[in-house]
Amino acid sequence: MAQAILALDQGTTSSRAILFDQAGKILALAQKEFEQIYPKPGWVEHDPEEIWSSQLGVAQEVIAKAHIDAKDIAAIGITNQRETTLIWDKKTGKAIHNAIVWQDRRTATFIEELKKAGHAASFQEKTGLILDAYFSGSKIKWLLDHVEGARERAEKGELAFGTVDSWLIYNLTEGQVHATDVTNASRTLLFNIHEGRWDDELLTLLGVPKSLLPEVKSSSKIFGETTGQLYGAHIPIAGVAGDQHAATFGQTCFSKGQGKNTYGTGCFMVLNTGTQAVPSTNNLLTTTAWQRDKTIYALEGSVFIAGAVVQWLRDGLGIIKHSKEVEALALSVPDNGDVYLVPAFAGLGAPHWDQFARGTIAGLTRGSSAAHIARAALESIAYQSYDVVKAMEKDSGFPLQELRVDGGASSNDLLMQFQADLLDVPVVRPQITETTALGAAYLAGLAVGFWQSEEEIAQQWKVDKRFEPSMKRSDREPLIAGWQKALSRAKAWVD
């Protein structure tokens, strides 16, 4: 009998591997950070070989840690940073350029040209997405236009495009499988989420040859098998979903109206809207939540910089040595001292969608300290999530009852309490906050019969801590007003 599911969680700043048992509990975990490459202001890249080697390494490490054989693993689930774009040679498997990361803004000018030409409505209607440099489509065009010979080779069918899931699948199967799932496809600006296919009109607008594209499959299905030499056994790859979709599944938000917020590098709020793709009128995204026997849709609000602001305090400002120190530093002052930090380092995502906004610290006085900046940084994560929730309530037509949370920064009690106070609803953290990896594991396990049903999985979700709102309205409203004022200073900074 298989004992575990292996989840490969390839994130923006690290690759992780987690083994889960049948009770949904963690048997072992391994993680490795990798280099962030910044060739120019607003540009962000990753080394494709480092993505692959780090992910392969942690997978091998976690199997050794758990003291199990690869043959005891029922399946592999993959979850990944979305929108990050790679193109590689189909024969050699070598990438033609560094991966262009979802945070990258180099194609912002081209996106503005598409908007001015009147194409925004068509993209939103078909893909559910706002026309923005965040998504993969314009990144593909940039690579084809700027890597010597790439467009000609793509036209000849020699190259393959993929988001990170496709890159991992291609490497895990030694080039036998070039595929993605519906959730990752739905983040490219090229996929019609209503018809479930690559859209010829959008491909033409973005100048992307169809021969580049992966086959699109269900999120819970056998994609292929790993080659025996990688882990010593042929393990089926049976579940694939972009990180936020996987986290929603891992939080067991299986019913219409259930939602979660993931506090990772960015912040991502997802609300299950059932089998209906609800169009947004408040600058949110309509996206495919997952696909098993039927397609489930969601509304999503994406905040570009959340936990990454803490990394910036550590690596950019040097006011903390380790990310975990930020809570104690922030708690050393009673409040933010009227200091607000808008972490628009990569522009602003939902619901503002200002790709020309930039980071701002407002309200500094001689009395301001590193502790006030640390507190303002943590609070900025909650403010951005507040803005998304308010837009989501308008789109969905019903108020949020509670917010399920996960991701690395959800372990910060100060942040979670402040989030509950701002929203004036309970914030609920589960016992297992590794819900992104867990969701990928669940999707894979369901495909191979390791778990039998969503009902069985839902029984495994357990509360770790519930944060009840305690802030008075008279205290909350001035804070929100201060945030809105700081936000106005950060918008449209770049000409």
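Residues numbered from 1 in each chain as written. Predicted model: local features only at pLDDT ≥ 70, side-chain atom pairs only at ≥ 80, totals over all residues. Heavy atoms only, no water.

Caption draft 1: Molecular detail of empty space enclosed by the protein. Evaluation of the coordinates by the stated rule reveals two cavities of 30 Å³ or more. If you add up the space inside the largest cavity, you get close to 90 Å³. If you trace the largest cavity, you find 13 residues lining it, with Met269, Leu271, Val389, Met392 and Leu400 closest to the centre. Looking at the lining of the largest cavity, the elements that each hand over two or more residues are β15 (259-263), β16 (267-274) and α13 (370-396). For the lining of the largest cavity, the residue count by class is nine nonpolar, two polar and two charged. Looking at the second largest cavity, its volume works out to about 40 Å³. Lining the second largest cavity are Arg375, Leu378, Glu379, Leu414, Leu415 and Phe418. Of all the secondary structure elements, the ones that give two or more residues to the lining of the second largest cavity are α13 and α14 (413-423). Of the residues that constitute the lining of the second largest cavity, the class distribution is four nonpolar, no polar and two charged. (1 Å grid on protein atoms, 1.4 Å probe; cavity = no way out; pocket = protein on both sides within 12 Å on 5 of 7 lines; lining within 4 Å. Points joined across faces, edges and corners; volume = space filled by probe spheres on them. Helix = DSSP H or I, 4+ residues; strand = E, 2+ residues; numbered from the N terminus. Nonpolar A, V, L, I, M, F, W, Y, C, P; charged D, E, K, R; others polar.)

Caption draft 2: How the structure looks around unusual backbone geometry. Ala350 connects to Pro351 through a cis peptide bond whose omega is -5 degrees. Its place among the elements puts Pro351 in the loop between β19 (340-342) and β20 (360-362). Of note in this structure, Asp424 is not a glycine but carries a positive phi near 60 degrees. Along the polypeptide, Asp424 turns up in the loop between α14 and β22 (427-430). By relative accessible area, Asp424 is classed as partly exposed at 44%. Backbone geometry at Ala492 places phi at a positive 50 degrees, although glycine is not the residue there. (Buried < 20%, exposed > 50% of the residue type's maximum accessible area, 1.4 Å probe, protein only.)

Caption draft 3: Quick look at the packing of aromatic side chains. Enumeration over the complete set of coordinates arrives at 21 aromatic pairs. When the ring of Trp43 is compared with that of Trp142, the centres are 5.5 Å apart and the planes differ by 85 degrees; the resulting orientation is edge-to-face. Here Trp142 lies in helix α4 (residues 136-146) and Trp43 lies in the loop between β3 (26-33) and β4 (45-46), a separation of 99 residues in the sequence. With relative accessibility at 18%, the residue Trp43 sits in the buried group. Taking the centre distance of 5.5 Å and the plane angle of 75 degrees together, the rings of Phe191 and Trp198 count as edge-to-face. Neither Phe191 nor Trp198 differs from the other in exposure class; each is buried. Here a set of aromatic residues connected by ring pairs shows up, and it is made of Trp102, Tyr134, Phe135, Phe268, Phe304 and Trp353. A cation over a ring is seen here: Lys141 above Phe110, with NZ or CZ 5.1 Å from the ring centre. Directly above the aromatic system of Trp461 lies the positively charged group of Arg404, at a separation of 3.6 Å from the ring centroid. (Phe/Tyr/Trp six-rings, centres within 6.5 Å; stacked < 30°, edge-to-face > 60°. Lys NZ or Arg CZ within 6 Å of the ring centre and 35° of its normal.)

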